[in-house]
Amino acid sequence: MIAIDLCTFDPGVAAKTPAGFAAAVVDCVEASWDNGADIVLLPEFTWLGMESLVEPKTLQRVSEVFWGELLPALKSLLIRPGKAVVLGTVPFWDAERQELRNRAPILVEDRILYQDKLHLTPWESDFSPGTELRLWEFAGLRFAVVICLDIEIPEISTRLRGAGVDVLLVPSATETVLGVERVDRCASARAVELGCIVGVCHLTGKAEAGLIDENVGRTAVYFPSQAAFRDDPRWNESEIYESGSHKQRLIFDPKLLQVMRRMPLETNPSLLKKMPAFELVQD
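Since the model is a prediction, treat every value here as computed from it, not as a measurement.

A. Main features of a nonpolar patch on the surface. A grouping of Val-177, Leu-178 and Ile-240 is seen on the molecular surface, where their side chains present a nonpolar patch of about 230 Å² in accessible area. Structurally, the position occupied by Leu-178 is in helix α4 (residues 177-194).

B. Seen up close, the packing of aromatic side chains. One pass over the structure, following the stated rule, counts nine aromatic pairs. Relative to Trp-47, the ring of Phe-21 has its centre 5.8 Å away and its plane inclined at 55°; by these criteria the two rings are tilted. Taken together, the positions of Phe-21 in helix α1 (residues 18-34) and Trp-47 in the loop between β2 (39-41) and α2 (59-78) put the pair 26 residues apart, joining distant regions of the chain. Overall, the relative accessible area of 0% leaves Trp-47 in the buried class. Every member of this aromatic cluster is reached through a ring pair, and the members are Phe-9, Phe-21, Trp-47, Phe-66, Trp-67 and Phe-92. One cation-aromatic arrangement involves Arg-103 over Phe-92; the distance from NZ or CZ to the ring centre is 3.8 Å.

C. Looking closely at the pattern of salt bridges. Applying the stated criterion across every chain yields a total of 19 salt bridges. Residue Lys-117 pairs with Glu-44 through a salt bridge whose shortest N-O separation is 2.8 Å. Here the residue Lys-117 occupies a position in the loop between β6 (111-116) and β7 (135-138), and Glu-44 occupies one in the loop between β2 and α2, the gap between them amounting to 73 residues. The pair formed by Lys-117 and Glu-44 is uniform in burial state, with each residue classed as buried.

D. Representation of the side chain of Thr-89 within the structure. Mapped onto the elements, Thr-89 comes out in the loop between β3 (84-86) and β4 (90-94). Among the polar contacts made by the side chain of Thr-89, one reaches the side chain of Asn-102 at a distance of 2.7 Å. Setting aside anything within four residues of it in sequence, one finds Thr-89 in contact with Pro-43, Glu-44, Phe-45, Thr-46, Trp-47, Asn-102, Arg-103, Ala-104, Pro-105 and Ile-147.

E. Main features of the packing of α1 against α2. At a minimum axis separation of 11 Å, α1 and α2 run at an interaxial angle of 30°. Comparing the axis directions of α1 and α2 gives the class roughly parallel. As for the relative orientation of α1 and α2, their crossing is right-handed in sense. Mapping the contact onto sequence places Pro-18, Ala-19, Ala-22, Val-26, Val-29, Glu-30 and Trp-33 in α1 and Val-65, Leu-70, Leu-74, Leu-77 and Leu-78 in α2. Of the residues contributing to the contact of α1 with α2, the split by class is 11 nonpolar, no polar and one charged.

F. A look at α1. For α1, which comprises 17 residues, the first-to-last C-alpha distance of 24 Å matches the rise-based estimate of 24 Å (1.5 Å per residue) to within 8%. Listing the buried residues of α1 in full gives Pro-18, Phe-21, Ala-22, Val-25, Val-26, Cys-28, Val-29, Ser-32 and Trp-33. All buried residues of α1 project into a common sector of 155° when viewed along the axis, lining one side. Away from the buried face of α1 by more than 90 degrees, exposed residues Asp-27 and Asp-34 are located. Looking at the buried positions of α1, the neighbouring elements they touch are β1 (2-7), β2, α2, β3 and β15 (247-252).

What counts and what doesn't
Residues numbered from 1 in each chain as written. Predicted model: local features only at pLDDT ≥ 70, side-chain atom pairs only at ≥ 80, totals over all residues. Heavy atoms only, no water. Patch = residues over 30% accessible without salt bridge, like charges linked within 9 Å, V, L, I, M, F, W, Y side chains within 5 Å. Areas by Shrake-Rupley, 256 points an atom, 1.4 Å probe, with all protein chains shown as cover. Salt bridge = Lys/Arg side-chain N within 4 Å of Asp/Glu carboxyl O. Helix = DSSP H or I, 4+ residues; strand = E, 2+ residues; numbered from the N terminus. Phe/Tyr/Trp six-rings, centres within 6.5 Å; stacked < 30°, edge-to-face > 60°. Buried < 20%, exposed > 50% of the residue type's maximum accessible area, 1.4 Å probe, protein only. Lys NZ or Arg CZ within 6 Å of the ring centre and 35° of its normal. Polar contact = N/O pair within 3.5 Å; in protein donor to acceptor, adjacent residues only side chain to side chain. Contact = heavy atoms within 4.5 Å. Axes fitted to C-alpha atoms, helices over the stretch in contact; angles between N-to-C directions. Parallel < 35°, antiparallel > 145°, perpendicular 65-115°, else oblique. Left-handed = near helix turned anticlockwise from the far one by under 90°. Nonpolar A, V, L, I, M, F, W, Y, C, P; charged D, E, K, R; others polar. Expected span 1.5 Å × (residues − 1). Arc of directions from axis to C-beta.

Here it is as structure tokens:
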């Protein structure tokens, strides 16, 4: 069995320094691990809660503090055998290209990975889009981190078809219930299309930061609607929270994915090997 804790996070935590803010994140992750979780997922823009704690109060300075000052300590605390964590997202300054990226740091046992957001919202004008969707392995499963708006883009699902992805983890930040619905409804569709498990968590609360001043969200889990998963609920959405940190435990048996993929006579869009050619015709 694999256990994943999906965590909303309130960036308005009572912290006076970036190190204090990082300690609150570490406490959240370690509490989940100590309680049996194998993987922890935190929301998009978790680390923008530090913006009011740095000088100057800029995205680039948040990047410098996180990647240059905090990450070495986080590695020593959060690299643990048999455990993984997606630390939400944080600005990353690409000095070579002179660009900011909205980047998710991913710690997987003794490895440090990352995923950049590929599609940006209108208010993310200070960022540049990423260019790669990265797949990674943990506990014999193939994972991808798909950040917020990216889960709403069907072309990403098309590219993932046939890649053998088992789990999509979706860190998100939305300021209205409409944003929550867009992300979650599309996450449900990806679970059906790709025959994979999808876990979502959103940012909540208020913070003294331009991009995340107000946030609402929830946690959500989506399974394929296939016979192998018939005996358990195939989706579970929490209530929508306006503030505070909340956790939802996602537990699943990886063998059910194998069983599902060995049922070729069942209607299953994820098993279609070749899409038929067709034209769009206006009558």
